[in-house]
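Residues per chain, in single letters:
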Amino acid sequence: MINKMLEIAKETVRNNYPNNEILGIFLYGSQNYGMDTEESDYDFKAILLPSLEEIIEGSKKISTSIEYEGGLIEVKDIRAYKDTLLKMNPAYIEILYTDYFWINEDLKDEWNKMIDIRDRFVNGGKLNHIRAILGMCYEKRKALTHPYPTIKHKIDKYGIDPKQLHHIARLHYMFASYYKYGKSYKESLNISNDFDGTLFKENIMELKIFDKYNKTIDENIVFAKNMSDSLIGNIEDYMRKNEYSMYLDVTSFDEIRNIVNEIVKLSIIKSISKGTA
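Let us look at the structure shown here. (Residues numbered from 1 in each chain as written. Predicted model: local features only at pLDDT ≥ 70, side-chain atom pairs only at ≥ 80, totals over all residues. Heavy atoms only, no water.)

1. What about the nonpolar core?
- Ranked by size, the top nonpolar core spans 66 residues in total, and within it Leu23, Tyr81, Trp111 and Phe121 carry the most contacts.
- Ranked by residue count, the leading element in this core is helix 10 (residues 162–180), at 10 residues.
- Apart from residues lying up to four places away in sequence, Trp111 is in contact with Leu23, Phe26, Ile47, Tyr81, Ile95, Leu96, Ile103 and Ile263.
- Grouped together as the second largest cluster of nonpolar side chains are 18 residues, Tyr17, Ile25, Phe44 and Leu48 included. (Core = buried A, V, L, I, M, F, W, Y, C linked by side-chain atoms within 4.5 Å. Buried < 20%, exposed > 50% of the residue type's maximum accessible area, 1.4 Å probe, protein only. Helix = DSSP H or I, 4+ residues; strand = E, 2+ residues; numbered from the N terminus. Contact = heavy atoms within 4.5 Å.)

The structure is reproduced here in structure tokens:
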């Protein structure tokens, strides 16, 4: 099913952006974490290459979302992707590790250079990465009880959105696995029952479904906020104790910039040679 949705997502992007070459389409979300259910969407991130005209005219970098039959496709100009990646945003680091993707064959070698340095890149930006994880947790914490139109039915039923709580627990798992227990980043993305015997996957999935925990609305709100504050507090404590020992290694950051510049250059050369620039 993932491959089928990947093809549909690719065609959707091509139809919406016929003048832009696609670098790649990458799965993100629950399937990468081993947390998907039968109702899970198939969400993708698409990286586009700017046309020569867009570069010359200084057009705004594409950064938007497209709804399609399988879920959501986040679409970004590779230059905008680079900017977000260098902020150590976990949602964009994730696509460097997914097993489910389509990549432009003409630019595959350059993209693989990004894959080759991904671990060094994450390791070199640990402090900013932890800050980004915390930022995402704060957003999820704020959204726990907010009645957005798409989740109002959950707020009415539980008093909270269980999906936000499960995301906080998932981010905490990733943080603990990578920073405290020394697992690889790829291992830390996929939720399992490892490193201290706790049934992490089952527990986090139960938070997502929430039927096991569901009590009164008031009790649900207290439970969710207390759990969120505890998990977020663990990350904050770790950052306070270790922030001065985590130095930014800019070497891999410069390599990322150079790779992106080379990908854009190769794409423009290709389009000029074909007369499509």
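2. Topic: unusual backbone geometry
- Phi at Met88 is positive, roughly 65 degrees, even though this residue is not glycine.
- On the accessibility criterion, Met88 (0% relative accessible area) is buried.
- A positive phi angle is found at Phe210, which is not glycine, with a value near 75 degrees.
- Tracing the backbone shows Phe210 in the loop between helix 12 (200–209) and helix 13 (217–242).

3. Overview of the sheet that holds strand 5 (residues 101–103)
- Pairing within the open sheet is mixed, and its five strands lie in the order 3-4-2-1-5. The open sheet terminates on both sides in strands that have one partner only, identified here as strand 3 (63–68) and strand 5. Here the strands of the sheet are splayed against their neighbours by 20 degrees on average, with no regard to which way each runs.
- Alignment of strand 1 (residues 22–28) against strand 2 (residues 43–48), held across six bridges, turns out to be antiparallel. (Pairing = 2+ DSSP bridges. Axes fitted to C-alpha atoms, helices over the stretch in contact; angles between N-to-C directions.)

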